[in-house]
Amino acid sequence: MKGVVFDTSIWIEYLRGNSEYFSICQELLENGRVWSLELIFAELFQGAKGKREISLIMDFVSHVPLIDEPLLIIEAGMLSNELNLINEGVGLIDAVIIHSVRKNELQLWTLDKKIRRVVGYDFLFKIDN
């Protein structure tokens, strides 16, 4: 089974302890199947409320492998242009996430309807995986 990138929306539900997502997220994390990007963690830090949340997010930064690489953002901008993602309501950060998932043949778990519409069915994580 492929690795999974949790979009910011999934991380938020996991960190809140939402029972609909928590156990599946925990299982994927324990099995080393979760990958991420600095941009996703940056979004989490942006919304963190206090030192405890920052410390918790930092712990995940230390343990979840990152798929950041040189030129990734530039390539994502080119993909965004090619697919006209801006007119689909998909911004550059989400384009970077989409590009990273596709390039690395991972799956994306997201609640964002705009992203789900453009990422491609094969790249979406589905609970029954």
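Before reading further, recall that the structure is shown in the block above.
Here's a quick rundown of the structure.

Here is what the cut-offs are and how they apply
- Residues numbered from 1 in each chain as written.
- Predicted model: local features only at pLDDT ≥ 70, side-chain atom pairs only at ≥ 80, totals over all residues.
- Heavy atoms only, no water.
- Salt bridge = Lys/Arg side-chain N within 4 Å of Asp/Glu carboxyl O.
- Helix = DSSP H or I, 4+ residues; strand = E, 2+ residues; numbered from the N terminus.
- Buried < 20%, exposed > 50% of the residue type's maximum accessible area, 1.4 Å probe, protein only.
- Core = buried A, V, L, I, M, F, W, Y, C linked by side-chain atoms within 4.5 Å.
- Contact = heavy atoms within 4.5 Å.
- Phe/Tyr/Trp six-rings, centres within 6.5 Å; stacked < 30°, edge-to-face > 60°.
- Lys NZ or Arg CZ within 6 Å of the ring centre and 35° of its normal.

On inspection of all chains with the given rule, the structure shows four salt bridges. As a salt-bridge pair, Glu-69 and Lys-103 come within 2.4 Å of each other at their nearest N and O atoms. Residue Glu-69 is located in the loop between α4 (51-63) and α5 (72-83), and its partner Lys-103 is located in helix α6 (residues 92-103); the two are separated by 34 residues in the primary sequence.

Attention now moves to helix α1 (residues 8-15). If you check which residues of α1 are buried, you get Thr-8, Ile-10, Trp-11, Glu-13 and Tyr-14. Remark: Gly-17 follows α1 within two positions and exhibits a positive phi of approximately 80°.

Further remarks concern the nonpolar core. Phe-6, Trp-11, Leu-29 and Trp-109 are the most contacted members of the largest nonpolar core, which has 39 residues in total. Broken down by element, this core gets its largest block of residues, five residues, from α6. If we ignore the near neighbours within four places in the chain, the residues touching Leu-29 are Phe-6, Trp-11, Tyr-14, Val-34, Phe-60 and Val-64.

A few words now on the side chain of Ser-100. In this structure, Ser-100 sits in helix α6. Residues in contact with Ser-100, not counting those within four places in the same chain, are Leu-37, Ile-67 and Leu-72.

Applying the stated rule across the entire model yields nine aromatic pairs. The interplanar angle of 75° and the centroid separation of 6.1 Å between the aromatic rings of Trp-11 and Tyr-14 together place this pair among those described as edge-to-face. Of this pair, Trp-11 and Tyr-14 both sit in helix α1, three residues apart, which is roughly one turn of that helix. A residue is classified by how much of its surface remains accessible, and Trp-11, at 0% relative accessible area, is buried. Residues Tyr-14 and Phe-60 carry aromatic rings whose centres are separated by 5.8 Å and whose planes lie at 75° to one another, so their mutual orientation is edge-to-face. Here the residue Tyr-14 occupies a position in helix α1, and Phe-60 occupies one in helix α4, the gap between them amounting to 46 residues. Each member of the pair Tyr-14 and Phe-60 is classed as buried. Clustering of aromatic rings is evident, with ring pairs tying together Phe-6, Trp-11, Tyr-14, Tyr-21, Phe-22, Phe-41, Phe-60, Trp-109 and Phe-125. It is Lys-126 that lies over the ring of Tyr-121; its NZ or CZ is 4.4 Å from the centre.

Keep in mind these values describe shape, not function.
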